[in-house]
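Observations on chain architecture
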Amino acid sequence: MPAARRPLVAGNWKMNGMKHSGAELIAMADGYDAALKDKADLLICPPATLVALLAAETTGSGIAIGGQDCHAKASGAHTGDLSAEMLKDAGASFVIVGHSERRTDHCESDAVVRAKAEAAWRAGLTAVVCVGETRQEREGGSALAVVAAQVRGSVPAGASGANLVVAYEPVWAIGTGLVPTVGDVEEMHGEIRKVLAEALGEEAGKVRILYGGSVKPDNAPTLLKAADVDGALVGGASLKASDFLAIAKAYA
Ligand code: 13P
């Protein structure tokens, strides 16, 4: 991986976690030793109810805290929603936008995802923009085209290595134990970087592209060493400090 891109191992807790889950995060912080800090960044995205608490508990640990979604607007009459500014105020430095579960459960289009990424930047957060094809699209041979279109539609103009992370998460690999071949991952990450380069030129070489979907301690060393893979977005295995640290140690 080029020196311009420091690996990022990110955990997405989804709709999991209570106040006592802070103990797991503190165990992660304890295991984030100097050797690992030298090699990789760590990020945990807990449910919104825990962002402020966990940001306070991990102050000084080097582990960043992020949200899992934000509204495109800064404030207003949007019952139940959260703005990027609120996440920032609570101590977040990243926010995931366009996760496939949001695209499916909340019918989020590329345009909506792009507006959310712009909102993240407005608030001073780094946007983690998720893309990925369904099983049908993979089997039908359109995975590359589908994901390229998602990147074109979801990444706003003005993206940089500092304000954008892209996460490639094949929908069929999320929570299923299935993972693409290393060849398929490398082909897709290469395609994503090519599409980013069309818009960003040389800056595309600074944007981290994560792989997500059934990343576990046993497959992490293979997946994370694949060409153009700059880290992982981990779901289930990020809930336990021992698993999450074991994944990150693929870099140590
Ligand atoms: P799993 O690691 O549980 O497959 O989830 C991946 C994911 O959706 C992370 O955002």
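Conventions and cut-offs
- Residues numbered from 1 in each chain as written.
- Predicted model: local features only at pLDDT ≥ 70, side-chain atom pairs only at ≥ 80, totals over all residues.
- Heavy atoms only, no water.
- Helix = DSSP H or I, 4+ residues; strand = E, 2+ residues; numbered from the N terminus.
- Rg over C-alpha atoms; globule rule 2.2 N^0.38 Å.
- Buried < 20%, exposed > 50% of the residue type's maximum accessible area, 1.4 Å probe, protein only.
- Contact = heavy atoms within 4.5 Å.
- Areas by Shrake-Rupley, 256 points an atom, 1.4 Å probe, with all protein chains shown as cover.
- Lys, Arg positive; Asp, Glu negative; His and termini not counted.
- Charge placed at Lys NZ, Arg CZ, Asp CG, Glu CD.
- Polar contact = N/O pair within 3.5 Å; in protein donor to acceptor, adjacent residues only side chain to side chain.
- Pairing = 2+ DSSP bridges.
- Axes fitted to C-alpha atoms, helices over the stretch in contact; angles between N-to-C directions.
- Core = buried A, V, L, I, M, F, W, Y, C linked by side-chain atoms within 4.5 Å.
- Left-handed = near helix turned anticlockwise from the far one by under 90°.

**A word on the overall build of the chain**
- Tallying secondary structure elements over the chain gives 11 helices and 8 strands in all.
- By the compact-globule yardstick of 18 Å for 252 residues, the chain fits well, its C-alpha radius of gyration being 17 Å.
- Here the C-alpha coordinates of the chain stretch approximately 45 × 45 × 35 Å along the principal axes.
- Across the 252 residues that make up the chain, the buried fraction comes to 52%.
- At a minimum sequence separation of 6, the contacts of the chain that also span at least 24 residues come to 73%.
- With the model as given, the accessible surface of the chain reaches about 10600 Å², and the carbon-plus-sulfur share is 55%.
- Each charge class in the chain can be summarised by its mean position, and for the 24 positive and 30 negative side chains these summaries are 2 Å apart.

**Some details on the side chain of His 99**
- Considering the arrangement of structural elements, one finds His 99 in the loop between strand E4 (94-97) and helix H5 (100-105).
- Since its relative accessible area comes to 4%, His 99 is described here as buried.
- Among the polar contacts listed, one links the side chain of His 99 to the backbone nitrogen of Glu 101, at a separation of 2.9 Å.
- At a separation of 3.0 Å, a polar atom in the side chain of His 99 contacts the side chain of Glu 169.
- Other than its neighbours up to four places away in sequence, His 99 contacts Asn 12, Lys 14, Cys 130, Glu 169 and Ile 174.

**Quick look at the sheet that holds strand E3 (residues 63-67)**
- With parallel pairing, the 8 strands of this closed barrel are ordered in space as E1-E2-E3-E4-E5-E6-E7-E8. The mean angle between the axes of side-by-side strands here comes to 25°, regardless of whether they run parallel or antiparallel.
- Sheet topology places E4 next to strand E5 (residues 126-131); 4 bridges connect them, and they run parallel. In the sheet register, Phe 94 faces E5, and the bridge partner there is Thr 126.
- The strands touched by helix H6 (residues 110-122) are E4 and E5; relative to E5, the strand with the most contacts, the crossing angle is about 160°.

**Quick word on the environment of Gly 177**
- Looking at the secondary structure, you find Gly 177 in the loop between strand E6 (164-168) and helix H9 (182-200).
- Note on Gly 177: relative accessible area 56%, which makes it exposed.
- Residues Gly 177 and Pro 46, spaced 131 residues apart in sequence, show a C-alpha to C-alpha distance of 22 Å.

**Describing the nonpolar core**
- In this structure, Ile 192 and Leu 196 are the most contacted members of the largest nonpolar core, which totals 69 residues.
- Per-element tally for this core: the top contributor is H9, with 6 residues.
- Setting aside residues no more than four positions away along its own chain, Leu 196 makes contact with Val 151, Val 155, Leu 164, Val 166, Gly 201, Ala 204, Val 207 and Ile 209.
- One finds Cys 45, Ala 64, Val 165 and Leu 233 within the second-largest nonpolar core, a separate group that totals 13 residues.

**Things to note about the packing of helix H8 (residues 143-154) against H9**
- One can describe the packing of H8 onto H9 by two numbers: an axis separation of 10 Å at closest approach and a directional angle of 35°. Of the two possible hands of crossing, H8 and H9 adopt the one that is right-handed. Across from Ala 143, Leu 144, Val 147, Ala 148, Val 151 and Arg 152 in H8, the residues of H9 making contact are Glu 187, Met 188, Glu 191, Ile 192, Val 195, Leu 196 and Glu 198.

Read these as spatial facts, not as claims about activity.
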